[in-house]
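Inside the fold
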Amino acid sequence: MRSLKDSPIGLLDSGMGGISIWAEIVRQLPCEEVVYWADTAHCPYGGRSREEITALVRKGVEVLLGEGVKLIVIACNTATTAAIATLRAEWPEVLFVGLEPAVKPAAQATRSGVVGVLGTAYTVNSEMFRQTTERYATGIGVRVIATAGNGLVEAVETGCEDTPQTEQLLHRYIEPMLEAGADELVLACTHFPLLRPAIRRVIGGRKMRVIDPAAAIARHTAELLREHGWQTDRTSIGRSRFMGSGSAEEIERLRARAERYRTQYADEQTEVTEA
Ligand code: DGL
């Protein structure tokens, strides 16, 4: 029987967004195996209800537990916001790592006192987000401009990250933040780091730092494994497996996109936060 140390890390997202977290996990923990489950058949989650998202995520968790994972990264802000409390209550013995918008580090770092947050409609309209914002930003006098990036998840899923239409959408969402003086942009959806080249073009020469939580999430995952003595002893590179609710073709596209992202961005992760 395999010991827990050599069990894989589980990772879950509605689709391709988890790639931004996966790339950092395999960079920081290269010897770990990872099983990535994408709910491609039900992506996007952002416009769904809490009940729907919770039911979908629960299925993904069951699949990952069936694969014998030692920890589950909910690599999706929307799924974390909607479901993580329920998941932790239903599986108290399972270690979950969740993602919350990095409002705190942005609010601490801003010089202009204005912070932009780009997430899904579900995340930015949630009570959890309202509380986080009040606690870490508005409570210390920082203004938060939160925008639902409608259409952006679909752009990533359909391979349209770098089209003029997607850049136009990003322009529509980010320009008002820049005009209001925001100097920090929190990417509060794991799909959005995959749009980084287009985001950079929209920001242009202006001063705005883009916050991607991937590095902090990977560090937190490593810490949890260390704390529990569950880090692998293997010294060879761990394998990643991709699976999900979509067709074999969709899963293959996910795998190929993940590899491309890893090559392109492995050394580029910039700023970080904790979930
Ligand atoms: N990647 C996701 C997130 O971080 C969810 C996108 C979606 O399915 O709407 O919120």
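Above: the structure in question.
Residues numbered from 1 in each chain as written. Predicted model: local features only at pLDDT ≥ 70, side-chain atom pairs only at ≥ 80, totals over all residues. Heavy atoms only, no water.

1. Overview of the packing of aromatic side chains
Inspection of the entire model under this criterion finds two aromatic pairs. Their ring planes at 65 degrees and their centres at 5.5 Å tell us that W22 and F242 sit as a pair that is edge-to-face. Taken together, the residues span a long stretch of sequence, with W22 in helix α1 (residues 18-28) and F242 in strand β9 (residues 240-244) at a distance of 220 residues. For the pair W22 and F242, one class covers both residues: buried. Their ring planes at 40 degrees and their centres at 5.5 Å tell us that Y36 and F242 sit as a pair that is tilted. Residue Y36 is found in strand β2 (residues 34-38), and its partner F242 is found in strand β9; the two are separated by 206 residues along the sequence. Residue classification places F242 among the buried residues on the basis of a relative accessible area of 13%. Through a chain of ring-to-ring contacts, the aromatic side chains of W22, Y36 and F242 assemble into a single cluster. (Phe/Tyr/Trp six-rings, centres within 6.5 Å; stacked < 30°, edge-to-face > 60°. Helix = DSSP H or I, 4+ residues; strand = E, 2+ residues; numbered from the N terminus. Buried < 20%, exposed > 50% of the residue type's maximum accessible area, 1.4 Å probe, protein only.)

2. A closer look at the site of the ligand
Around the ligand, the structure places 13 residues, and the nearest of them are S14, Y45, G46, N77 and T78. N77 has a polar backbone atom sitting 2.8 Å from an oxygen atom of the ligand. Within the backbone of T190, a nitrogen or oxygen atom sits 2.8 Å from an oxygen atom of the ligand. Residue composition of the shell around the ligand, grouped by class: five nonpolar, seven polar and one charged. (Near = heavy atom within 4 Å. Polar contact = N/O pair within 3.5 Å; in protein donor to acceptor, adjacent residues only side chain to side chain. Nonpolar A, V, L, I, M, F, W, Y, C, P; charged D, E, K, R; others polar.)

Read these as geometric descriptors, not functional statements.
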